[in-house]
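Now for the letters of each chain:
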Amino acid sequence: MPPARARIGTATCAAAVAVALSATPTGTAATAPTAAARGTAQASASGEGVRWGDCHGGPVPDGMRCAVLDVPLDHDHPAKGTTRVALAKIPATATGHRRLGSLVLNYGGPGAPGIASLAADPALFAKLNERYDLVAFDPRGVGLSDPVSCGGAQTADAGDAGDPAAQLAALRAEVRRCERHSGRVLPYIGTVHVAHDLDDIRRALGEEKLDYLGFSYGTRLGAVYAALYPKNTGRMVLDGVDTLTEPFTEQALASARGQQRALDNFLTWCAHQDHCVYGTNTRTAKEKAAALVARLDAHPLTGTGGTPFTGDDAVLAIGSALYAKASWPDLAEALARAEDHGDPAGLERLAAPPATAPSGTPSQVPADNATAALTAVNCADDPDRGDASADPVTIAREIGELSPRFREVSEIFGPRQLMTLLSCYGRPAGTDFIRRIDHPGAPRMLLVGTRGDPATPYEWTEETARRLGSAVVVDHKGDGHTGYPSSACVRGYVDGFLIDGRLPAATRACPAGE
């Protein structure tokens with residue numbers, strides 16, 4: 001798959017997809033409604049408002065309400081019909097004039113369900129919830145919003161550094177499966193479409209301006225919204241800022257570089273702990289970690305149920321643990337168990353994806369929805385494409401020529417990021433709108449970049465700030481993906497802007513640990 005931006009890096013948010021909610025008002029069916037049912041169970045984007053009802057299918061916070069909104073499948077051609085967008089709201093605790101309206105949240109992805117994420121950890125936004133209704137949504141094609149699917153788990157592993165020609169053939173076959181299993185929504189997946197949906201949500205909520213807090217991929221969505229609807233943009237905060245301009249190859253390189261930087265920070269931390277499995281020399285520690293991955297590629301360990309635990313599995317586990325500094329002790333212990341005892345159980349736990357539904361609750365969401373949506377959105381957003389009809393030998397040569405650049409950036413993450421370049425072969429051409437965003441005239445907004453972020457390198461924060469032309473940056477000197485969940489300093493700036501409109505005149509710094 002393309003380089004993933006993923007969702008915000010807290011344990012609770014990583015587990016959020018375990019909550020499967022039916023975003024249907026009381027008395028309606030939990031399955032996808034018919035056209036007739038939509039007339040009574042759902043609002044439209046015509047400004048008539050959202051009819052909120054109970055949330056069904058999983059535990060929810062007190063007061064949380066759910067709804068669905070019909071939006072045009074193709075905003076340029078509304079006659080093509082509609083698709084549904086699932087919404088959830090936790091009302092503000094303040095009353096009267098102290099209420100500020102709605103704050104729309106996007107947790108990242110692409111492919112992360114906003115409703116389940118809000119249900120899993122509303123306390124993170126408790127201060128904001130005093131004054132704002134917290135509103136989350138599953139973007140089109142995601143979660144409860146007419147989810148896309150490729151008919152099961154992906155057969156082509158994006159991290160497989162094997163035969164590019166064979167992988168390309170598998171990816172093309174997968175595109176055909178996605179088309180069969182995703183119905184009519186798949187051609188209309190992508191951030192530009194979701195940004196139009198976001199303005200429909202704003203109007204349905206009755207808000208004159210969109211106040212918005214987006215994390216990771218959600219920053220791309222926010223930037224696109226601000227470019228499309230600068231006059232409708234209210235107070236906007238983007239945390240863990242995505243790139244708008246880099247070509248696909250450079251994105252993959254930057255992702256590998258950011259992951260390696262985060263791993264280096266972890267290894268430096270580990271070297272100062274008692275009994276770090278890689279010792280106190282950070283240079284040799286990096287070599288030993290790379291050697292573990294190479295060794296597992298050649299000789300996998302035996303994992304749970306007798307399944308092989310490979311180097312790719314180890315890379316996934318390490319990368320997942322780097323998203324939050326709170327996971328570093330678990331990563332150190334897991335690496336020690338693998339190195340000293342040949343036991344991958346700790347790494348397996350770090351790599352394991354969260355369940356899609358709570359025990360005993362049938363999920364409405366296909367098991368592969370997050371992966372299918374991530375790939376579809378990233379490919380739709382990027383105009384770079386290899387020639388889908390190119391000879392496999394030519395493709396293999398191109399990949400081989402790029403390999404030294406990726407290995408120079410990271411022996412661990414580089415080869416896996418390199419193979420993501422194949423993922424959009426055979427898919428429709430992407431939009432160049434995002435690449436062309438340049439000083440759209442939106443109001444001043446706040447961008448947060450974290451120096452040790454493994455998913456969205458700090459350089460992307462600076463780049464996007466330049467492209468928007470109206471952004472103030474908070475430079476978070478810490479580690480992990482995004483700053484708001486882990487830094488009281490970052491939360492102070494974000495809450496101050498969203499609640500009181502206080503925005504620094506220039507870049508401000510938040511020290512690590514504060």
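K.L.:
How do you make sense of the layout of surface pockets when you look at a structure like this?
P.N.:
If a probe as big as a water molecule is rolled over the atoms, it shows which places are left empty. In this structure, the second largest pocket encloses a volume near 430 Å³. Breaking the lining of the second largest pocket down by element, the ones donating at least two residues are α5 (164-182), α6 (191-205) and α13 (369-381).

K.L.:
Which parts of the structure should I look at to understand the nonpolar core?
P.N.:
A general feature of soluble globular proteins is that nonpolar side chains tend to end up buried together. Counting residues in hydrophobic clusters, the biggest one holds 50 residues, and the most contacted among them are Phe266, Leu322, Leu331 and Leu347. For this core, the secondary structure elements donating two or more residues are α5, α8 (248-271), α9 (282-298), α10 (311-321), α11 (328-341), α12 (345-351), α14 (392-409) and α15 (414-419). Take this core: its biggest share by element is nine residues, from α8. Grouped together as the second largest cluster of nonpolar side chains are 39 residues, Ala204, Leu221, Tyr225 and Ala465 included.

K.L.:
I tried to follow the state of the cysteines on my own but got confused; where do I start?
P.N.:
In a disulfide, the sulfur atoms of two cysteines are held together by a covalent bond. On inspection of all chains with the given rule, the structure shows five disulfides. The disulfide bridge from cysteine 270 ends at cysteine 276, spanning 2.0 Å between sulfur atoms. Its torsion about the S-S bond being 110°, the disulfide of cysteine 270 and cysteine 276 is classed as right-handed. The same class applies to cysteine 270 and to cysteine 276, which are both buried. Each disulfide in the protein links cysteines that, numbered along the sequence, combine into the pattern 1-2, 3-4, 5-6, 7-8, 9-10.

K.L.:
Just checking my understanding: could you explain α11 for this structure?
P.N.:
Here α11 contains 14 residues, and its C-alpha end-to-end distance of 19 Å stays within 8% of the 20 Å for a straight helix at 1.5 Å per residue. As for α11, its buried residues are in contact with α8, α9, β10 (301-302), α10, α12 and β13 (471-479). Glycine 342 sits one or two positions beyond α11 and adopts a positive phi of about 60°.

K.L.:
Just to check I follow, could you spell out the pattern of salt bridges for this structure?
P.N.:
Any two side chains of opposite charge can pair, given that their charged atoms come close. Applying the stated rule across the entire model yields 25 salt bridges. For the salt bridge of arginine 177 with glutamate 174, the shortest nitrogen-to-oxygen distance reads 3.8 Å. Taken together, the residues arginine 177 and glutamate 174, both in helix α5 and three residues apart, mark about one turn of the helix. Looking at glutamate 174, the relative accessible area reads 2%, which means it is buried. Of the charged contacts, one joins aspartate 500 and arginine 502 as a salt bridge, the two residues approaching to 2.7 Å between their closest N and O atoms. Salt bridges here are not isolated pairs; linked through shared partners, they connect Arg220, Asp242 and Asp381.

K.L.:
I tried to follow the pairing of strand β7 (residues 132-138) on my own but got confused; where do I start?
P.N.:
Here is the key point about a regular strand: its side chains alternate between the two faces of the sheet. Buried residues dominate β7, accounting for seven of its seven residues. On β7, burial covers both faces: Tyr132, Leu134, Ala136 and Asp138 on one face and Asp133, Val135 and Phe137 on the other are all buried. The pairing of strand β4 (residues 82-90) with β7 spans five bridges and is antiparallel. Bridge pairing links lysine 89 to valine 135 in β7.

K.L.:
Just checking my understanding: could you explain the environment of alanine 324 for this structure?
P.N.:
Topologically, alanine 324 is positioned in the loop between α10 and α11. Once the C-alpha coordinates of alanine 324 and aspartate 453 are considered, the two residues, 129 residues apart in sequence, prove to be 9.0 Å apart.

K.L.:
I would appreciate a short explanation of the confidence of the model for the protein in the present structure.
P.N.:
Low pLDDT means the predicted coordinates in that region are not meant to be read closely. Chain-level pLDDT for the protein is 85 on average; 85% of the residues reach the 70-or-more range. Taken as a whole, residues 355-362 scores under 50 in pLDDT and shows 16 contacts with residues more than four places along the chain or in a different chain.

K.L.:
Would you explain the packing of aromatic side chains in this entry?
P.N.:
For any pair of aromatic rings, the description consists of the separation of the ring centres together with the inter-plane angle of the planes. The full count for this structure, using the stated rule, is eight aromatic pairs. For the pair phenylalanine 125 and tyrosine 484, a centre-to-centre distance of 5.7 Å together with 20° between the ring planes defines the contact as stacked. Taken together, the positions of phenylalanine 125 in the loop between α3 (114-120) and α4 (126-131) and tyrosine 484 in the loop between β13 and α17 (488-500) put the pair 359 residues apart, joining distant regions of the chain. Across the pair, exposure class does not vary: phenylalanine 125 and tyrosine 484 are buried alike. Ring-pair connections join several aromatic residues into one group, and the members of that group are Tyr107, Phe125, Phe215 and Tyr484. The residue whose ring lies beneath arginine 451 is tyrosine 458, and the NZ or CZ to ring-centre distance is 3.9 Å.

K.L.:
How should I be thinking about the pairing of strand β9 (residues 233-239) in this particular structure?
P.N.:
Counting buried positions over the seven residues of β9 gives six, a clear majority of the element. Relative to β9, strand β8 (residues 210-215) runs parallel, the two sharing five bridges. Bridge assignment links leucine 213 to a residue of β9, and that residue is valine 237. One crossover worth recording links β8 to the parallel β9 by way of helix α7 (residues 217-228), and it is right-handed. Where β9 and strand β12 (residues 445-452) come together, three bridges link them in parallel fashion. Residue pairing across strands places valine 237 opposite leucine 446, the latter belonging to β12.

K.L.:
In this structure, what is going on with the side chain of histidine 196? I would like to understand it.
P.N.:
On the secondary structure map, histidine 196 appears in helix α6. The exposure class of histidine 196 is buried, given its relative accessible area of 16%. Each residue touching histidine 196, except ones within four places of it in the same chain, is listed here: His75, Leu228 and Tyr229.

About the cut-offs
Residues numbered from 1 in each chain as written. Predicted model: local features only at pLDDT ≥ 70, side-chain atom pairs only at ≥ 80, totals over all residues. Heavy atoms only, no water. 1 Å grid on protein atoms, 1.4 Å probe; cavity = no way out; pocket = protein on both sides within 12 Å on 5 of 7 lines; lining within 4 Å. Points joined across faces, edges and corners; volume = space filled by probe spheres on them. Helix = DSSP H or I, 4+ residues; strand = E, 2+ residues; numbered from the N terminus. Core = buried A, V, L, I, M, F, W, Y, C linked by side-chain atoms within 4.5 Å. Buried < 20%, exposed > 50% of the residue type's maximum accessible area, 1.4 Å probe, protein only. Disulfide = S-S within 2.5 Å. Expected span 1.5 Å × (residues − 1). Contact = heavy atoms within 4.5 Å. Salt bridge = Lys/Arg side-chain N within 4 Å of Asp/Glu carboxyl O. Pairing = 2+ DSSP bridges. pLDDT = per-residue confidence, 0-100. Phe/Tyr/Trp six-rings, centres within 6.5 Å; stacked < 30°, edge-to-face > 60°. Lys NZ or Arg CZ within 6 Å of the ring centre and 35° of its normal. Right-handed = clockwise from strand over helix to strand, strands pointing away.

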